[in-house]
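# A structural walkthrough
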Amino acid sequence: MVDFELSDEQKAAARMAHDFAVNEIRPVALECDKEGKIPDELVKKAAAVGLTAQAVPEEYDGGGLDAITAAIVSEEMFWGCAGIGTGLGANNLAITPLLLVGNDEQKQKYLPRLSDPANPKFAAFGLTEPGAGSDAASLATVATPDGDDYILNGQKCFITNGGIADFYTIFATFDKSKGFGGIGGFIVERAWDGVSVGKHEDKMGIRASDTSEVILDNVKVPAENLMIPEGQGFYVVMQTLDATRAGVAAGATGVARAAFEEALKYAKERVQFRKPIINQQAIAFMLADMAIKIEAARRLYLLAGWKAANNLPCSLESSYAKAFAGDTAMEVTTDAVQIHGGYGYMKEYLVEKLMRDAKIMQIYEGTAQIQRVVITGNLMGVTDTYPW
Ligand code: COS
């Protein structure tokens, strides 16, 4: 059965997230973009309605959203502001490995921290390193067994929430000569000796979110914080990204939609050559193409989210969605600036911010090119394209 209708719960979650975006995010978005941070008050309000721990099951005080609903919420949050959406949504990425393979003790200890209404904490996903971006398997952070414990040494970079997280899910190699087969995963607390925050990045877009280096200098990790044993870490990273890319695609769709809305409004109001510019076919067709791409991006992320929510393999669909929605965000925001002409280039108009925010959608959680690597890899085994 094909059903394009959201359930009542999904509609309620979308409405709640949209109202939050309208009432709490949009009013502060430009200021947050300038200041490079999300106000504590906003984080507390988000925690109170489940928006800091969307994917965390209710038994660990989370929002308990399935992958489709979380993605729909992500579209609304990013429609509000992609920087704030990224900062709050990055918790989902950080804790997905814990949800996939962590034990109950670890979940009980760490997950409720994200939604504590009085003092909500952030988590961060520690995979990327200066020498390991797209080639994630080449990471060089080393885990050395020390009795029952482990010692971590290494440097993580471009870590969303790296500077403000309470705890990290860190991937490290036990034996670099084993390639991806040497990787394991740990839960590391910011407060531990040897954990420090390095460079804070000054970014083009999504400026409200924190992006920082995390340095691990002889960090002693107790045995109970081993999340993924040697050899299994890379598989969990891949499964994590399969599960979270629908949310990124949804966020990219939200950015594109925000730009489309601005462009549509402007094209109806702006008069040139004695009529609103929407009456010029060159402008009207740009708007039509934007609408087509946004709708297609939304259908792709819903498909990926539906597969993830039903525990079906979703690697291919997640990459379709992430690649298409990321490209859509960049194309639509660029065209929205174009429709605004000179005004669109000025900070006074929202489309300027949206175009800056869009670029990262083609980069983080796997570049547009890596998505095509994943898709091509899946196509290698295909001999028959019959879709039913
Ligand atoms: N699910 C489960 N296992 C997977 C998998 C998936 N989606 N994708 C690959 N694997 C497995 C492979 O099957 C292989 O295991 P076996 O040899 O036991 O079968 C292993 O992982 C290694 O796979 P592969 O050789 O394809 O790995 P590569 O090092 O070539 O890298 C890509 C594959 C490029 C897809 C991966 O490195 C990637 O996704 N890079 C982007 C990383 C990223 O998104 N970074 C952003 C950081 S988060 S902001």
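Before reading on, note that the structure itself is shown above.
Here we summarise the structure given alongside this text. This is a predicted model, so every value here is computed, not measured.

## What about the packing of aromatic side chains?
Overall, the coordinates contain nine aromatic pairs when judged by the stated rule. Each ring, one from Y266 and one from Y349, has its centre 6.3 Å from the other, and the planes form 85 degrees; the classification is edge-to-face. Residue Y266 is found in helix α6 (residues 233–269), and its partner Y349 is found in the loop between α8 (315–340) and α9 (350–358); the two are separated by 83 residues along the sequence. Aromatic rings pair up to connect Y150, F174 and F186 into one cluster. Its guanidinium or amino end placed over the ring of W79, R26 lies 3.9 Å from that ring's centre, counting from NZ or CZ.

## Focus on the site of the ligand
The immediate surroundings of the ligand are formed by 19 residues, with S134, Y235, D242, R245 and G366 found nearest. Within the contact set of the ligand, a nitrogen atom lies 2.8 Å away from a backbone nitrogen or oxygen of S134. At a separation of 3.0 Å, an oxygen atom of the ligand approaches a polar side-chain atom of R245. Contact with the protein chains covers 64% of the free accessible surface of the ligand, which is 1,000 Å². Elements represented by at least two residues in the shell around the ligand include exactly α6 and α10 (368–379). Per-element accounting of the shell around the ligand gives the leading share, six residues, to α6.

## Side note on the environment of E269
Examined against the element boundaries, E269 turns out to sit in helix α6. Between the C-alpha atoms of E269 and D335, which are 66 residues apart in sequence, the distance is 17 Å.

## Focus on the nonpolar core
Nonpolar side chains in soluble globular proteins tend to be buried together. Core analysis: the biggest nonpolar cluster contains 107 residues, and I84, L152, F186, V188 and I339 have the highest contact counts within it. Every residue in contact with I84, bar those within four places of it in the chain, is listed here: I25, V28, A29, C32, I38, L42 and A208.

## Let's talk about the side chain of T173
One can find T173 in strand β4 (residues 165–173). Here the side chain of T173 touches D175 through a polar contact of 3.1 Å, landing on its backbone nitrogen. From its side chain, T173 meets the backbone nitrogen of K176 in a polar contact 3.4 Å long. Those residues in contact with T173 that sit more than four places away from it in its chain are L139, A140, T141, V142, A143, G182 and I183.

Definitions and limits used
- Residues numbered from 1 in each chain as written.
- Predicted model: local features only at pLDDT ≥ 70, side-chain atom pairs only at ≥ 80, totals over all residues.
- Heavy atoms only, no water.
- Phe/Tyr/Trp six-rings, centres within 6.5 Å; stacked < 30°, edge-to-face > 60°.
- Helix = DSSP H or I, 4+ residues; strand = E, 2+ residues; numbered from the N terminus.
- Lys NZ or Arg CZ within 6 Å of the ring centre and 35° of its normal.
- Near = heavy atom within 4 Å.
- Polar contact = N/O pair within 3.5 Å; in protein donor to acceptor, adjacent residues only side chain to side chain.
- Areas by Shrake-Rupley, 256 points an atom, 1.4 Å probe, with all protein chains shown as cover.
- Core = buried A, V, L, I, M, F, W, Y, C linked by side-chain atoms within 4.5 Å.
- Buried < 20%, exposed > 50% of the residue type's maximum accessible area, 1.4 Å probe, protein only.
- Contact = heavy atoms within 4.5 Å.

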